[in-house]
Amino acid sequence: MLSKFRPTWMIESIYNVSPQFLLENNINCVLTDLDNTLVPWNSKKGSEELRSWLHEVKKYGIKVIVVSNNSHKRIQKAVQDYELPFVPRAMKPLTIGIRHALKSFNLNKKNTVMIGDQLLTDVVAANSCHVRSILVKPLVDNDAWNTTLNRCLEKIIWNKLIKKYPNLHWE
Ligand SMILES: [Mg+2]
C-alpha cells in the first residue's frame, strides 16, 4: 500500500531536472503538474527560470506536457506564453489524465516521467499507471485550500514512507 506513494526520485525543483538526467534514464517525455510544480499556485504566469528550463529540455528533443487537475482556463492562462500542450481536469490520483496523455500523444510509458509536488495526487497517479515519477518541493509554501487538506494527510504518509524506505532522499 505504502509503495503507491513512493516516488522514483526526489529533486528539489523541476528546474533542477536536467536534460542529461532525463536522457540517462531513457526519458523523452515529461508529464508535469502545474500548480506549485511549474508555476506558483497563485500566479498566472511562469518565470524566466521556467522559460530557460523549457528551452533547455526541448533543445534535447524532450517533450513537456502539463497534466493538471486544474481547469482548461487556468492552465491556458498559465502556459500560453510557453506553447505547452496540456491535459486539464486530470483527476489525479486517478489515472484518467495520465492515460489520456499517453494515448493522445502516443507516448511509451517506459520513456515517460511524471513530475509533481504532491505524493497524494501526482505520485499515486504515476505509480498507478506504472510511470516513473519525480517528487519536487512546492514552489511556494502555501497552497490552495483543497491542497491544504492533502498536505496534512501527506505529512502522515511521509513519516511512514521515510521509515519504510530510509534510502529516500532529496537530490
Ligand atoms: Mg501541484
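Treat the numbers as computed from the prediction; the structure is a model and nothing was measured.

(A) The layout of surface pockets, seen in detail. Each pocket or cavity is described by its volume, and for the largest pocket that value is around 460 Å³. The wall of the largest pocket is formed by 21 residues, among which Asp35, Asn69, Gln118, Asn146 and Thr147 lie closest to the centre. Of the residues belonging to the lining of the largest pocket, the class tally is 3 nonpolar, 9 polar and 9 charged. Approximately 260 Å³ is the volume found for the second largest pocket. As for the second largest pocket, its lining consists of 13 residues, and the residues nearest its centre are Pro138, Arg151, Glu154, Lys155 and Trp158.

(B) View of the sheet that holds strand β3 (residues 63-67). One open sheet holds the 6 strands; their spatial order is β1-β6-β5-β2-β3-β4, and the pairing between them is parallel. The sheet is open, and its two borders are formed by β1 (9-10) and β4 (86-87), each paired with just one other strand. Pairing between β3 and β4: 2 bridges, direction parallel. Looking at β4, one finds that Val66 is bridged to Phe86.

(C) Quick look at helix α3 (residues 72-79). For α3, the full list of buried residues reads Arg74, Ile75, Ala78 and Val79. What you see down the axis of α3 is that its buried residues fit within an arc of 110°, all on one side. Looking at the buried side of α3, the elements it contacts are β3 and β4.

(D) Summary view of the coordination of the magnesium ion. Within the first shell, the magnesium ion binds the protein through Asp33 (OD), Asp35 (O) and Asp117 (OD), at distances of 2.1 to 2.3 Å. Spacing between the donor residues of the magnesium ion along the chain follows D-x1-D-x81-D. Here Asp33 matches Asp35 in class, with each residue buried.

(E) Structural context of the pairing of strand β6 (residues 132-135). Bridging between β1 and β6 involves 2 bridges; their strand directions are parallel. From the neighbouring strand, Trp9 faces β6, where its bridge partner is Ile134. Sheet topology note: the strand β5 (residues 112-116)/β6 ladder contains 4 bridges and is parallel. Of the residues in β6, the one forming a bridge with Met114 is Ser133. Crossover connection from β5 via helix α5 (residues 119-128) to parallel β6: handedness right-handed.

(F) Geometry of the environment of Trp145. Inspection of the secondary structure puts Trp145 in helix α6 (residues 145-164). On the basis of relative accessibility, which here comes to 74%, the residue Trp145 falls in the exposed class. Between the alpha carbons of Trp145 and Ile98 there is a distance of 24 Å; along the sequence they are 47 residues apart.

About the thresholds
- Residues numbered from 1 in each chain as written.
- Predicted model: local features only at pLDDT ≥ 70, side-chain atom pairs only at ≥ 80, totals over all residues.
- Heavy atoms only, no water.
- 1 Å grid on protein atoms, 1.4 Å probe; cavity = no way out; pocket = protein on both sides within 12 Å on 5 of 7 lines; lining within 4 Å.
- Points joined across faces, edges and corners; volume = space filled by probe spheres on them.
- Nonpolar A, V, L, I, M, F, W, Y, C, P; charged D, E, K, R; others polar.
- Pairing = 2+ DSSP bridges.
- Helix = DSSP H or I, 4+ residues; strand = E, 2+ residues; numbered from the N terminus.
- Buried < 20%, exposed > 50% of the residue type's maximum accessible area, 1.4 Å probe, protein only.
- Arc of directions from axis to C-beta.
- Contact = heavy atoms within 4.5 Å.
- Donors = N, O, S within 2.8 Å, 3.2 Å for Na, K, Ca; no water.
- Right-handed = clockwise from strand over helix to strand, strands pointing away.

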